Amino acid sequence: MSVSFTEDQEELRRYARQWLDDRAPIDEVRRIMESSEGFDRDQWKEMAELGWLGIATPEEYGGAGYGFAELAVLAEEMGRSLYPSPFLSSVVVGAGLVGRLGDDSQKRKVLGGIVSGSSTLAVAVPPFAEVDVEGERDGDSWLLSGSARFVLDGHGADTFLVAARIDRELRLFLVDGSAVETEPMAVMDLTRPQSVVRLEGARATELGSGDPREAIEGVAVRAVATLAMEQVGGAQECLEMSVAYAKERHQFGRPIGSFQAIKHMCADMLVAVESARSVAYHLANVVDTDPDEAAIAAPLAKSFCSETYFTTAADTIQIHGGIGFTWEHHAHLYLKRAKTSMLLFGDPTHHRSLLAARVGVE
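Residues numbered from 1 in each chain as written. Predicted model: local features only at pLDDT ≥ 70, side-chain atom pairs only at ≥ 80, totals over all residues. Heavy atoms only, no water.

**Student:** I'd love a proper account of the pairing of strand S4 (residues 159-166), names of residues and values included.
**Tutor:** With seven of eight residues buried, S4 is to be regarded as a mostly interior element. Summarising the sheet, strand S1 (residues 121-124) and S4 pair through four bridges and their orientation is parallel. Considered in S4, the bridge of Val123 is made with Leu161. Alignment of S4 against strand S5 (residues 169-176), held across eight bridges, turns out to be antiparallel. Across the sheet, residue Thr159 finds its bridge partner in S5, namely Asp176. (Buried < 20%, exposed > 50% of the residue type's maximum accessible area, 1.4 Å probe, protein only. Helix = DSSP H or I, 4+ residues; strand = E, 2+ residues; numbered from the N terminus. Pairing = 2+ DSSP bridges.)

Written as structure tokens, this is what we have:
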């Protein structure tokens, strides 16, 4: 089992952390999450110039041609800083589906737009969103009608990838953002906006051809692996935040970290975070090399990392006491991201059932 990254990948981590610390400190995160689009387009283009938006995209489509491990390193650092961007929706899920199903022209147009930072791609496809859309043929294209909910980064997206039922079969379509009506949803985690998407006879182009289920399952594993890495990054930041506060906060003339209850809480957090890191790192290292192992490691990582992140974030608030419950302190932002991430793409109970089915223990 590999639970580490190469020196080059760790160098990517160091640079990503420096960039995020400089460009997206917590006050900047708050500004971005409260903006109309939910992300900063100038920073999105900066990330494109750094090569991050195409880090796992083949070179023939403008990407860097690296593997999932490099993408995972970026996801962990973005999770650590709660960075609001369409990275998960556009770079991981959207680009992943287009890369697997699209024809050469579609790949060059859609992937090229993402890699260059000139466009974003929102995905209204189960299990990444709740979708009720039907389509009908209209000449060389299709007309789609219906709606989708819980679409990540849907408000203001330039292009949509939409699943629709055609003669009871699931097919995927590309729709221009101008043909779609979007409405931001009221969500707990403002750093990860979601939208309701409505289509009324929206003209669409089918993405490739054939049954997309295998591609969706493959991309779902990559999405879960990315989310697990984000969760590890967020949990690690909560742990460091808690330890630092336990050292500096004094009560009864001594640091609260010297009290046994706080010591035990921090120790339990450390054990849980390191365990989650091992599970997530192993998944990140087998996504490209061993699909059968990844299919088992994905639900294990999603269930374990979800609960670890949420518990660690909740304990962080407890350690901070009264200040941890205030809007001004950023501990609550991590708790909200932890809860949203726990439910995203299936909760721990769902993934444990999936794991049991895949290993034959039902």
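**Student:** Report on the packing of aromatic side chains, specifying residues and quantitative values.
**Tutor:** For the structure shown, the criterion picks out seven aromatic pairs. Considering the side-chain rings of Trp19 and Tyr83, the 6.0 Å spacing of their centres and the 80 degrees angle between planes classify their relative orientation as edge-to-face. Here Trp19 is found in helix H1 (residues 7-23), whereas its partner Tyr83 is found in the loop between helix H4 (68-81) and helix H5 (87-101), with 64 residues between them in sequence. Comparing Trp19 with Tyr83, the two get one shared label, buried. Between Phe128 and Phe345, the ring centres sit 5.4 Å apart and the planes meet at 90 degrees, which makes this aromatic pair edge-to-face. Residue Phe128 is found in the loop between S1 and strand S2 (130-138), and its partner Phe345 is found in the loop between helix H10 (331-343) and helix H11 (348-359); the two are separated by 217 residues along the sequence. (Phe/Tyr/Trp six-rings, centres within 6.5 Å; stacked < 30°, edge-to-face > 60°.)

**Student:** How would you explain the pattern of salt bridges if you had to name every residue and give the values?
**Tutor:** What the rule picks out here adds up to 29 salt bridges. In this structure, the salt-bridge partner of Arg198 is Glu181, at a minimum N-O distance of 3.9 Å. Of this pair, Arg198 sits in strand S7 (residues 194-206) while Glu181 sits in strand S6 (residues 181-184), and the two are 17 residues apart along the sequence. Since its relative accessible area comes to 30%, Arg198 is described here as partly exposed. (Salt bridge = Lys/Arg side-chain N within 4 Å of Asp/Glu carboxyl O.)

**Student:** Hey, could you go over the nonpolar core for me, with residue numbers and the actual values?
**Tutor:** Within the largest apolar cluster, 87 residues are counted, with the highest numbers of intra-cluster contacts made by Met47, Phe87, Phe128, Leu161 and Leu283. Among the elements that line this core, the one with the most residues is helix H7 (residues 213-248), at 15 residues. Residues within four places of Phe87 in sequence aside, it is in contact with Trp44, Met47, Trp52, Leu53, Leu71, Leu74, Met78 and Val92. Within the second largest apolar cluster, 21 residues are counted, among which are Ala124, Ala129, Ala148 and Val197. (Core = buried A, V, L, I, M, F, W, Y, C linked by side-chain atoms within 4.5 Å. Contact = heavy atoms within 4.5 Å.)

**Student:** Outline the side chain of Asp153, supporting the account with residue identities and numerical values.
**Tutor:** Relative to the helices and strands, Asp153 resides in the loop between strand S3 (141-152) and S4. Despite its burial, Asp153 pairs with no opposite charge, the nearest such side chain being Arg192 at 5.7 Å. One polar contact links Asp153 to Ser89, side chain to side chain, over a distance of 2.7 Å. With residues near it in sequence (within four places) discarded, Asp153 still touches Ser85, Pro86, Ser89, Ala122 and Pro193. (Lys, Arg positive; Asp, Glu negative; His and termini not counted. Polar contact = N/O pair within 3.5 Å; in protein donor to acceptor, adjacent residues only side chain to side chain.)

**Student:** How would you summarise helix H9 (residues 291-320) if you had to cite specific residues and measurements?
**Tutor:** The end-to-end C-alpha distance of H9 is 42 Å, a good match for the 44 Å that 30 residues give at a rise of 1.5 Å each. Within H9, the axis deviates most sharply at Ala297, by approximately 25 degrees, and proline Pro299 lies no more than four positions further along. In the stretch just after H9, Gly321 is the one whose phi turns positive, near 65 degrees. (Expected span 1.5 Å × (residues − 1). Bend = angle between axes of the 7 residues up to and from the residue.)

**Student:** Which residues make up a nonpolar patch on the surface, and what are the values?
**Tutor:** Among the surface-exposed residues, Ile296, Val359 and Val361 lie close enough to one another that they form a single nonpolar patch of about 230 Å² accessible area. Its place among the elements puts Val359 in helix H11. With relative accessibility at 42%, the residue Val359 sits in the partly exposed group. (Patch = residues over 30% accessible without salt bridge, like charges linked within 9 Å, V, L, I, M, F, W, Y side chains within 5 Å. Areas by Shrake-Rupley, 256 points an atom, 1.4 Å probe, with all protein chains shown as cover.)

**Student:** Residues and numbers for the environment of Arg23, please.
**Tutor:** Relative to the elements of secondary structure, Arg23 occurs in helix H1. For Arg23, a relative accessible area of 30% corresponds to the partly exposed category. Sequence separation of Arg23 and Glu59 is 36 residues, and the distance between their C-alpha atoms is 27 Å. The residues touching Arg23, leaving out its near neighbours within four places in the chain, are Glu28, Gln43 and Glu46.

**Student:** Please give an account of the environment of Ala122 that cites residues and values.
**Tutor:** Note on placement: Ala122 falls in strand S1. Once the C-alpha coordinates of Ala122 and Thr340 are considered, the two residues, 218 residues apart in sequence, prove to be 18 Å apart. Aside from chain neighbours lying at most four places away, what touches Ala122 is Val151, Leu152, Asp153, Gly154, Ala157, Thr159, Phe160 and Leu161.

Just geometry here; none of it tells us what the structure is for.
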